[in-house]
Amino acid sequence: MSLEALSADGLPPLREVVRRHGLEPKKALGQNFLFDLNLTGRIARSAGALEGVTVVEVGPGPGGLTRALLAAGAKRVVAIERDPRALPALAEIAAHYPGRLEVIDADAVGFDPRPLVGDGPVRIVANLPYNVATVLLTGWLGAETRDERWPPWWESATLMFQREVAERIVADESDRANYGRLGVLCGWRTQATILFDVAPSAFVPPPKVTSSIVHLRPRPEPLPCRIAALERITRAAFGQRRKMLRQSLKAATPDPARLLAAAGLPETARAEEIPVAGFVALARALEAEGS
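The protein is annotated in an unreviewed UniProt entry as Ribosomal RNA small subunit methyltransferase A from Methylorubrum thiocyanatum. According to UniProt, the comment filed for the protein under the heading Subcellular location (unreviewed entry) is "Cytoplasm". UniProt's Catalytic activity (unreviewed entry) comment on the protein is quoted here verbatim: "adenosine(1518)/adenosine(1519) in 16S rRNA + 4 S-adenosyl-L-methionine = N(6)-dimethyladenosine(1518)/N(6)-dimethyladenosine(1519) in 16S rRNA + 4 S-adenosyl-L-homocysteine + 4 H(+)".

Here it is, written out as structure tokens:
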């Protein structure tokens, strides 16, 4: 890639930024940097038209994706970065795009960006640190906080995961090898799609696995049930996924047969065979029992 292509946004090439600020990726922070601005531009475009949109980004590092989001026309980017070494590099981007980039020095796990996003549509776009990616996603889905309010504060999320995690996010009962608690939660509250893969060679340092970009759009009206009940049911069912539900659900209720009958499901079924609607029915039956 030419120097001109790398610096088309008027900022220095990312490799130069990393060298100048001493931003060697840290394994402990789950950092793998993307230097290819064509690729970061593709990720930004995958989030849809960004004019008038506020974007929340997690783990911007030296700011490759940040730059792409701003160049694509995002009204504002709220970038949450816990590595203090990256803050000077991000400050340079903020100076280049006055008033459009707000950098938050914080750990994204447990951080609530809602007070910062203002009015208008909000989307999450991020190359997530692998070591906290699933925790962040389940938090945005409300599972970490038991947040029953839905739709959420974000209108879509375009996120990078390890390929194996991406497959679990989009899996349903037709993909029994990957279907589990994460697939049920994501399938219940969102429509999730894998958009494209990213080869290890695109990163510095290259990870040992392929990555995937996943797009999640909240369902406006998911089947009604409470998160706590759904989590209790799926934890029991998939905790012993090779056993029939009449056995595995004993971890959630003293009378699995009655629960299964109420949900209209066979006692001999296994967790990997049950669609999201079936788990919701089990969760509602559990609520009705008052368990």
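(A) Spatial organisation of empty space enclosed by the protein. A full pass over the atoms with the stated rule returns 3 cavities of 30 Å³ or more. As a volume, the largest cavity reaches approximately 380 Å³. Only β1 (33-34), β2 (54-58), α4 (64-71) and β3 (76-81) provide two or more residues apiece to the lining of the largest cavity. Across the lining of the largest cavity, the residue classes break down as 17 nonpolar, 9 polar and 5 charged. Of the voids in this model, the second largest cavity is the one considered here, and its volume is about 50 Å³. Lining the second largest cavity are R181, V184, L185, I227, L230, E231 and T234. Of all the secondary-structure elements, those providing two or more residues to the lining of the second largest cavity are α9 (181-189) and α10 (227-239). Tallying contributions element by element places α10 first for the lining of the second largest cavity, with 4 residues. Across the lining of the second largest cavity, the residue classes break down as 4 nonpolar, 1 polar and 2 charged.

(B) Layout of the packing of helix α3 (residues 37-46) against α4. Look at α3 against α4: their axes get within 8 Å of each other, and the N-to-C directions meet at 55°. Relative to α4, the element α3 lies oblique. The way α3 lies across α4 gives a crossing that is right-handed. Side by side, α3 and α4 meet where L37, T40, G41, I43 and A44 of the first sit next to G64, L65, R67, A68 and L69 of the second.

(C) Seen up close, the side chain of S212. Its location among the elements puts S212 in strand β9 (residues 211-218). Side chain to side chain, S212 and D197 meet in a polar contact 2.7 Å long. Each residue touching S212, except ones within four places of it in the same chain, is listed here: L159, M160, F161, R163, A166, I194, F196 and D197.

(D) Seen up close, the pairing of β3. Within β3, 6 of the 6 residues are buried, which leaves it mostly tucked inside the rest of the structure. By the alternation rule, side chains of β3 split into R76, V78 and I80 and V77, A79 and E81, which are all buried. Sheet topology places β2 next to β3; 5 bridges connect them, and they run parallel. By the bridge assignment, V58 is partnered in β3 with I80. As for the winding sense of the linkage, the β-α-β connection from β2 through α4 to β3 is right-handed. Two elements, β3 and strand β4 (residues 101-105), share 5 bridges in a ladder whose sense is parallel. Looking at the pairing, I80 lines up with I104 of β4. Read from β3 through helix α5 (residues 87-96) to β4, the crossover connection turns out right-handed.

(E) Here's a closer look at the UniProt feature "binding site: S-adenosyl-L-methionine" (unreviewed entry) in the protein. Following the UniProt record, one finds the feature "binding site: S-adenosyl-L-methionine" (unreviewed entry) at N32, L34, G59, E81, D107 and N127. In this structure, the largest cavity is lined, among the annotated residues mentioned, by N32, L34, G59, E81, D107 and N127. Looking at the element boundaries, L34 is found in strand β1. With residues up to four places along the chain from it excluded, the contact list for L34 reads L14, L39, T40, I43, G64, N127, M160, A202 and F203. By the element assignment, E81 lies in strand β3. Not counting residues up to four positions away in its chain, the partners in contact with E81 are Q31, G59, P60, G61, A86, L87, L90, I104, D105 and A106. At 2.8 Å, the side chain of E81 forms a polar contact with the backbone nitrogen of G61.

(F) Focus on the pairing of β2. Within β2, 5 of the 5 residues are buried, leaving the element largely enclosed by the surrounding structure. Alternating residues of β2 divide into T54, V56 and V58 and V55 and E57, and every residue in both groups is buried. Summarising the sheet, β2 and strand β5 (residues 122-127) pair through 3 bridges and their orientation is parallel. Note on β5: the bridge partner recorded for V55 is R123.

(G) How the structure looks around the pattern of salt bridges. Enumeration according to the criterion identifies 19 salt bridges in this entry. Of the charged contacts, one joins R146 and E231 as a salt bridge, the two residues approaching to 3.2 Å between their closest N and O atoms. With a gap of 85 residues between them, R146 in the loop between α7 (133-140) and β6 (156-162) and E231 in helix α10 connect regions that are remote in the sequence. E289 serves as the salt-bridge partner of R258, at 3.5 Å between the closest nitrogen and oxygen. With R258 in helix α12 (residues 256-263) and E289 in helix α13 (residues 276-289), this pair connects stretches of sequence that are 31 residues apart. Classification of E289 as partly exposed rests on a relative accessible area of 26%. Each of D112, R114, D147 and R149 takes part in salt bridges that share partners, so that together they form one network.

Conventions and cut-offs
Residues numbered from 1 in each chain as written. Predicted model: local features only at pLDDT ≥ 70, side-chain atom pairs only at ≥ 80, totals over all residues. Heavy atoms only, no water. UniProt positions renumbered as here; feature names shortened; annotations may be inferred. 1 Å grid on protein atoms, 1.4 Å probe; cavity = no way out; pocket = protein on both sides within 12 Å on 5 of 7 lines; lining within 4 Å. Points joined across faces, edges and corners; volume = space filled by probe spheres on them. Helix = DSSP H or I, 4+ residues; strand = E, 2+ residues; numbered from the N terminus. Nonpolar A, V, L, I, M, F, W, Y, C, P; charged D, E, K, R; others polar. Axes fitted to C-alpha atoms, helices over the stretch in contact; angles between N-to-C directions. Parallel < 35°, antiparallel > 145°, perpendicular 65-115°, else oblique. Left-handed = near helix turned anticlockwise from the far one by under 90°. Contact = heavy atoms within 4.5 Å. Polar contact = N/O pair within 3.5 Å; in protein donor to acceptor, adjacent residues only side chain to side chain. Buried < 20%, exposed > 50% of the residue type's maximum accessible area, 1.4 Å probe, protein only. Pairing = 2+ DSSP bridges. Right-handed = clockwise from strand over helix to strand, strands pointing away. Salt bridge = Lys/Arg side-chain N within 4 Å of Asp/Glu carboxyl O.

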